[in-house]
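Given next are the chains, with one letter for each unit.
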Amino acid sequence: MQHIRLTLIGFGVVGQSFAELLANKHAYLKQRYSTWLTLVGVANARHGFIYRTDGLDLSLLLKFAREGRPLTEYHDVRHWNNAVDGLKDTVADILIEASPTNLRDAEPALSHIRTALSKRMHAVTANKGPGALAASELFTLAREHGVQFRMESSVMAGTPVISTIREGMAGAKITSLRAILNGTSNYILSAMASGRDYAEVLADAQAQGYAETDPTADVEGYDAVAKTMILAALVFNHPLRVEQVERQGITAITPEQVQAAIDAGMRIKLIASLRPAPGSDELIASVKPIALPLLTDPLARVDGAMNAISIQSDTLPEVTIIGPGAGRMETAQGLLADVLACTR
Ligand SMILES: NC(=O)c1ccc[n+]([C@@H]2O[C@H](COP(=O)([O-])OP(=O)(O)OC[C@H]3O[C@@H](n4cnc5c(N)ncnc54)[C@H](OP(=O)(O)O)[C@@H]3O)[C@@H](O)[C@H]2O)c1
């Protein structure tokens with residue numbers, strides 16, 4: 001039985017779901033993987049970082065969160081006012097990073113991950129910032145310290161895209177990929193294809209929790225651009241700056257355009273695309289609405305909040321993965337898969 005100590009930074013929707021998953025799967029993970037996962041540290045922005053060498057009780061932490069009680073009410077723990085200080089002073093094997101995404105400078109996640117890797121802790125994250133803005137630096141830091149940096153959940157939540165490409169398709173040369181990477185915009189476009197109006201569908205998506213109160217990042221394509229930047233760095237080893245990804249959202253799409261596509265046997269989808277430029281080292285990257293043939297393109301038939309990616313390579317002509325692109329447990333599952341990959 002291997003005993004692995006975890007520190008979790010960010011105890012919001014995803015962090016709490018990860019704790020819940022850990023509690024639910026504790027016995028299964030012991031039996032199936034001979035792995036005993038113990039949460040020793042946890043942090044949020046309001047209450048700082050708490051640490052207990054013998055492990056923290058997951059149900060008690062979740063009860064505190066449900067009841068709006070501060071983490072500092074946990075008895076018999078060491079406490080720091082911020083996560084970086086706590087991380088520096090304590091010992092664990094893997095950092096799970098689930099703080100909010102920031103696409104300007106990737107903080108605070110970038111500091112958390114740098115600190116962990118520099119201490120020879122593996123780091124796994126659901127946060128899009130570090131992978132989009134600093135993947136090369138963090139992979140180098142991880143390699144120098146003999147640990148892993150993984151981010152399965154940052155693209156298509158727990159749907160195994162990154163591990164499939166990097167591990168499952170190891171040795172294949174990826175020649176291009178196209179993907180639907182944002183559930184909210186796909187939900188809206190799918191509903192428009194069944195005759196509904198953009199504004200009405202957006203309000204409905206917000207009411208159902210698919211779309212944020214401020215939907216700009218989703219419908220203007222910024223969220224998909226961040227995921228495209230992660231894929232560029234991880235799949236093509238070619239980090240991009242945000243301005244290198246051509247971006248067009250879905251807000252200007254009219255019902256007439258949607259209907260014209262349907263009449264032509266097509267569906268309009270917000271497609272992220274990456275492919276090397278012929279005869280150069282550059283990558284051509286875009287996120288924009290494209291009409292796809294319904295009969296022959298698997299992405300055309302991916303509806304609702306689902307995400308999908310279609311990967312072309314020299315040895316596998318086309319591999320398509322369809323699955324959820326968000327959701328609390330779906331994201332926690334991606335973190336768990338990364339944690340288990342680090343333990344192997
Ligand atoms: N939700 C999804 O479906 C989904 C899917 C894929 C990826 N993600 C990514 O997962 C991450 C977490 O998302 P979420 O929905 O769980 O967000 P959330 O509910 O807002 O939770 C964020 C957590 O991070 C904490 N935090 C903020 N700044 C911090 C700091 N400096 N030090 C320590 N903790 C800090 C917050 O503390 P307080 O509680 O004190 O505010 C909160 O507990 C994001 O990067 C998001 O993009 C989410």
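The structure reproduced in this document is the subject of the present report. Sequence positions are assigned chain by chain, starting from 1 and proceeding in written order. The predicted nature of this model means local features are confined to residues of pLDDT at least 70 and side-chain atom pairs, given and counted, to a pLDDT of 80 or more, with totals for whole chains, interfaces and linings taken over all residues. Excluding hydrogens and water, the side-chain figures rest on all heavy atoms present in the structure.

Counted at 1.5 Å a residue, the expected span for helix H5 (residues 128-144) with its 17 residues is 24 Å, and the 23 Å between its end C-alpha atoms agrees. A residue's bend is simply the angle between two axes: one fitted to the seven residues ending at it, one to the seven starting at it. Only DSSP runs of H or I covering at least 4 residues are called helices, and only runs of E covering at least 2 are called strands; the numbering of each starts at the N terminus. Ala 134 marks the point of greatest bend in H5, at about 95°. Inspection of H5 places Lys 128, Gly 129, Pro 130, Gly 131, Ala 132, Ala 134, Ala 135, Leu 138, Phe 139, Leu 141 and Ala 142 among the buried residues, and these make up the whole buried set. By definition, residues are in contact when any of their heavy atoms lie within 4.5 Å. Taken together, the buried residues of H5 touch helix H4 (109-118), strand S7 (149-150), helix H6 (162-168) and helix H10 (222-235). Any helix carries an expected span of 1.5 Å times its number of residues minus one. Burial status follows relative accessibility: with a 1.4 Å probe on protein chains alone, a residue under 20% of its type maximum counts as buried, one over 50% as exposed, and anything between as partly exposed.

Below, the discussion takes up the sheet that holds S7. Any two strands are treated as partners once DSSP identifies two or more bridges connecting them. As summarised here, the arrangement of the 7 strands in space is S4-S3-S2-S1-S5-S6-S7, forming an open sheet in which the pairing is mixed. Among the strands making up the open sheet, the edge pair consists of strand S4 (78-80) and S7. Contacting strand S1 (2-9), strand S5 (94-97), strand S6 (122-125) and S7, H4 runs over the sheet at an angle of about 175° to S5. Between the N-to-C directions of two axes lies an angle of 0 to 180 degrees, each axis being a line fitted to C-alpha atoms and, for a helix, fitted only over the stretch in contact.

It is worth spelling out the sheet that holds strand S13 (residues 319-324) at this point. Strand order in the open sheet formed by 6 strands is S9-S11-S10-S8-S12-S13, with mixed pairing between adjacent strands. Both edges of this open sheet fall to strand S9 (245-247) and S13, since each of them pairs with a single strand only. Ignoring which end each strand starts from, the neighbouring axes of this sheet average 25° apart. Note: S9 against strand S11 (residues 283-293), 3 bridges, orientation parallel. Considered in S11, the bridge of Arg 247 is made with Val 287. Each of strand S10 (266-276) and S11 is contacted by helix H11 (residues 255-263), which is oriented at about 85° to S10, the strand it contacts most.

Only the six-membered ring of Trp is used, alongside the rings of Phe and Tyr, when aromatic pairs are assigned; centres must lie within 6.5 Å, and planes under 30 degrees apart are stacked while those over 60 apart are edge-to-face, with the rest tilted. Enumeration over the complete set of coordinates arrives at 4 aromatic pairs. Look at Phe 49 and Trp 80: their rings are 5.6 Å apart centre to centre, the planes differ by 80°, and that puts the pair in the edge-to-face class. Residue Phe 49 is found in strand S3 (residues 48-51), and its partner Trp 80 is found in strand S4; the two are separated by 31 residues along the sequence. Trp 80 carries the same exposure label as Phe 49, and that label is buried. Charge-over-ring placement is defined geometrically: NZ (Lys) or CZ (Arg) within 6 Å of the ring centre, and within 35 degrees of the ring normal. Here Lys 30 stacks its cationic end above the ring of Trp 36, 4.3 Å away from the centre of that ring. When the ring centre of Tyr 33 is taken as reference, the NZ or CZ atom of Arg 32 above it lies at 5.0 Å.

Around the ligand, a shell composed of 22 residues is seen, among which Val 14, Ala 45, Arg 46, Ser 99 and Thr 101 lie nearest. Ala 45 is positioned such that a nitrogen or oxygen atom in its backbone is 2.9 Å from an oxygen atom of the ligand. Measuring from an oxygen atom of the ligand, one finds a backbone N or O atom of Ser 99 at 2.7 Å. In the complex, the protein chains occlude 75% of the 910 Å² of accessible area that the ligand would expose alone. Looking at the shell around the ligand residue by residue, the classes come out as 10 nonpolar, 10 polar and 2 charged. What makes a residue near a molecule or strand is one non-hydrogen atom of that residue sitting within 4 Å of it. The definition of a polar contact used here is a pair of N or O atoms within 3.5 Å, where within protein one atom must be able to donate a hydrogen and the other to accept one, and adjacent residues in sequence count solely through side-chain atom pairs. Shrake-Rupley sampling with a 1.4 Å probe provides the accessible areas, and residues are treated as covered by the protein chains on show and by no other component. Residues are grouped as follows: Ala, Val, Leu, Ile, Met, Phe, Trp, Tyr, Cys and Pro are nonpolar; Asp, Glu, Lys and Arg are charged; all remaining types, including Gly, are polar.

This paragraph deals with the nonpolar core. As used here, the term nonpolar core means buried Ala, Val, Leu, Ile, Met, Phe, Trp, Tyr and Cys residues forming a set that is joined through side-chain atoms within 4.5 Å. The biggest cluster of nonpolar side chains holds 75 residues, and the ones touching the most others in it are Leu 117, Phe 149, Leu 231, Leu 274 and Ile 309. The element best represented in this core is H10, accounting for 9 residues. Residues within four places of Phe 149 in sequence aside, it is in contact with Ile 113, Leu 117, Ala 123, Thr 125, Pro 130, Leu 138, Phe 139 and Ala 142. In this structure, Leu 29, Ile 50, Leu 56 and Cys 342 belong to the second largest nonpolar core, which totals 30 residues.

Turning next to helix H7 (residues 183-193). Across the 11 residues that make up H7, a large majority, 10, are buried. Buried within H7 we find Gly 183, Thr 184, Ser 185, Asn 186, Tyr 187, Ile 188, Leu 189, Ser 190, Ala 191 and Met 192. Buried residues along H7 sit against strand S8 (174-180), helix H8 (198-207), helix H9 (216-219), H11, S10 and strand S12 (306-313). Capping the start of H7 is the job of one residue whose side-chain oxygen sits 3.3 Å from the backbone nitrogen of Thr 184: Asn 182. Once H7 ends, the next one or two residues include Gly 195, with phi positive near 100°.

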